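An overview of the molecular structure
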Amino acid sequence: MERKYSDEIIPDMDGRKVKIAGWVHDRRKLGGLLFLLVRDRGGLIQVTLPKKYVSEDVFEKARTVSKESVVAIVGEVKKEERAPRGYEIIPEKIDILSKAAAPLPLDPTGKVGVTLDTRLDNRVLDLRRPNVSAIFKIRDVMLSAARNHLRSKGFIEIQTPRIISTSSEGGTELFPISYFEKEAFLAQSPQLYKQMMMATGLDRVFEIATYFRAEEHDTIWHLNEITAIDCELSFIEDENDVMDVVEELVLAIIRDIRENCSEHLEGFNIEIKEPKTPFPRITYEEALEMLDEAGLKVPFGEDLSTESEKKLGELMLEKGWSMYFVTKFPLRIKPFYTMPDRDPRFSNSFDLEFKGREMVSGSQRIHDYDLLVKMIKEKGLNPQGFKTYLEAFKYGMPPHGGFGLGVERFLMLLLGLPNIREAVLFPRDRKRLEP
RNA sequence: GCCCUGGUAGUGUAGCGUGGCCUAUCAUACGGGACUGUCACUCCCGUGACUCGGGUUCAAAUCCCGACCAGGGCGCCA
């Protein structure tokens, strides 16, 4: 008999024999009456066992089966107003496919609290909780929305190497790995490769992939293994064209989630609103002025501290803006490939801020070979290490720009998750390598 | 890397300031029992813990030192 999911059964199927399967979520014993709540991907199903009407064997199995055991049940659908879904199953057969050990290391029904550490140690059980798995159903919609949107805008999806040689954009630390007789590293971003793609004539590319950062940070906001949506596009005027792409992408994702995730969003105490558009584009200098007026001094030329970034978020939210760009960062604090502004102190760069946190970072890139070599040297890096990257700029490179969007950060901010680790199935941080 | 806070049954917690009355609280889970409409069912009985190592003291869950682990903030970083 074909298995049915709980949400495929309706009260009108009264009298039909069905097979269901799932985990024993809870059990309520009332002497001669026993309720078994079975959880599957579609939710919970009530299996009702009146002692008089089911076989002794079936009743005994249901009475003694441990919570979270996997069961398959064949029974009759009974329309019943007193049951949670308007129907219940009266079983004629119960197979215990896998017994769960007791007691459980955490409570999937969520009756008692549990710390994040315990949850992550027992992540598989944790993910059985509907509120937890909902995050990943939403994440799925997020990435699918991003793909659909970008494709509709003429971007093609690419895959660049995760294993890279020494040459990199500098900045963040890399994880070294052993690659036969050579030294190699895990990719921190697809930056150099996606730029090289601009010299191929593909014009617009995107990549959704995992990257590795060997930073020893330890916050609710950082991971050592992250997922990013990276885009790069050619023939732009300046960074404003890139910001247009970011804005449309972010809006497309939020709209898709609002449309398709209402069920998954139920457990979150949050209403996802479409941010006010167009997103303001305030320059670094303007941001500094706003902060100065609010009593927060940021030394000119320095990056915004966490405190000032959060403060700026508050100031913007007061004006009704939950999402906004900060543009024209000092060239000095940006990577070598960032296009300088007409005012050489600044750069054609931007961050997209959401709730006072950086979620996207992007810029117009340098497409001129000589300027690029000059900037590499100015950053104290050796052009020799960027040989293959630089080759791509020698034989015709269009003006281009791009950005990277942190998927976990977006998900965390959108859903109001208290810790970025919640947005990853199996987070990797400074201390955690298991599970 | 720095600063702050914490570590008590399977899980989540109370107790710690002012050491003794802790034979360590409560909830939930777990085992047993009663119960035919539960939906955090209810009720009765039971099992189960002071992170580790030193120290102070007549006496340490409680005070001190160290280690390990965790939570938060900052830095670095995106």
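Residues numbered from 1 in each chain as written. Chains lettered and ligands numbered in written order. Predicted model: local features only at pLDDT ≥ 70, side-chain atom pairs only at ≥ 80, totals over all residues. Heavy atoms only, no water.

Attention now moves to the overall build of chain A. Within chain A, the regular secondary structure consists of twelve helices and 16 strands. Expressed along its principal axes, the backbone C-alpha trace of chain A runs to roughly 85 × 55 × 40 Å. Within chain A, residue pairs in contact and separated by at least 24 positions form 66% of the contacts whose partners lie at least 6 positions apart. Of the roughly 21,500 Å² that chain A leaves accessible, carbon and sulfur atoms contribute 49%. Each charge class in chain A was averaged separately, 64 positive and 72 negative side chains, and the resulting centres sit 6 Å apart. (Helix = DSSP H or I, 4+ residues; strand = E, 2+ residues; numbered from the N terminus. Contact = heavy atoms within 4.5 Å. Areas by Shrake-Rupley, 256 points an atom, 1.4 Å probe, with all protein chains shown as cover. Lys, Arg positive; Asp, Glu negative; His and termini not counted. Charge placed at Lys NZ, Arg CZ, Asp CG, Glu CD.)

Glancing now at the side chain of K328. Its location among the elements puts K328 in the loop between β13 (323–327) and β14 (349–354). Ignoring any residue separated from it by four or fewer positions in sequence, one finds K328 in contact with E239, T283, Y284, D341, F346, S347, N348 and S349.

This next bit is on the pattern of salt bridges. Across all of its chains, the model carries 38 salt bridges by this definition. R119 is the salt-bridge partner of D126, the closest N and O atoms lying 2.9 Å from each other. This pair shows no difference in class: D126 is buried, exactly as R119 is. A salt bridge links D341 to K328, with the shortest nitrogen-to-oxygen separation between them at 2.9 Å. Here the residue D341 occupies a position in the loop between β13 and β14, and K328 occupies one in the loop between β13 and β14, the gap between them amounting to 13 residues. Comparing D341 with K328 shows no difference in burial state: the two are buried. (Salt bridge = Lys/Arg side-chain N within 4 Å of Asp/Glu carboxyl O. Buried < 20%, exposed > 50% of the residue type's maximum accessible area, 1.4 Å probe, protein only.)

Here the focus is the sheet that holds strand β16 (residues 400–406). The strand order across the open sheet formed by eight strands is β6-β10-β11-β16-β15-β14-β13-β12, and the pairing between neighbours is mixed. The sheet is open, and its two edges are formed by β6 (156–157) and β12 (281–283), each paired on a single side. In this sheet, β16 lies alongside strand β15 (residues 357–364) in antiparallel orientation, the contact comprising five bridges. Bridge pairing links Q364 to G401 in β16. Here helix α9 (residues 306–318) sits on the sheet and contacts β12, β13, β14 and β15; the angle it forms with β13, its principal contact strand, is near 130°. The sheet strands contacting helix α12 (residues 407–415) are β11 (225–234), β13, β14, β15 and β16, and the helix crosses β16 at an angle near 55°. (Pairing = 2+ DSSP bridges. Axes fitted to C-alpha atoms, helices over the stretch in contact; angles between N-to-C directions.)

We now examine the sheet that holds strand β8 (residues 176–179). Pairing is antiparallel in the open sheet, where three strands are placed in the order β7-β9-β8. The open sheet has two edge strands, β7 (163–164) and β8, and neither has a second partner. Bridge count for β8 against strand β9 (residues 182–186) is four bridges, and the pairing is antiparallel. Counterpart to S178 in the pairing with β9 is E183.

With nine of nine residues buried, α12 lies mostly within the body of the structure. The complete set of buried residues in α12 reads V407, E408, R409, F410, L411, M412, L413, L414 and L415. Just downstream of α12, G416 is the residue with a positive phi angle, here 70°.

This part is about the domain arrangement of chain A. In many analyses, interface size is given as the accessible surface area lost on bringing the parts together. Once the domains are mapped, chain A shows domain 1 (6–98) and domain 2 (130–423). Computed from C-alpha coordinates alone, the two centres of domain 1 and domain 2 are separated by 49 Å. (Domains from an automatic or database assignment.)

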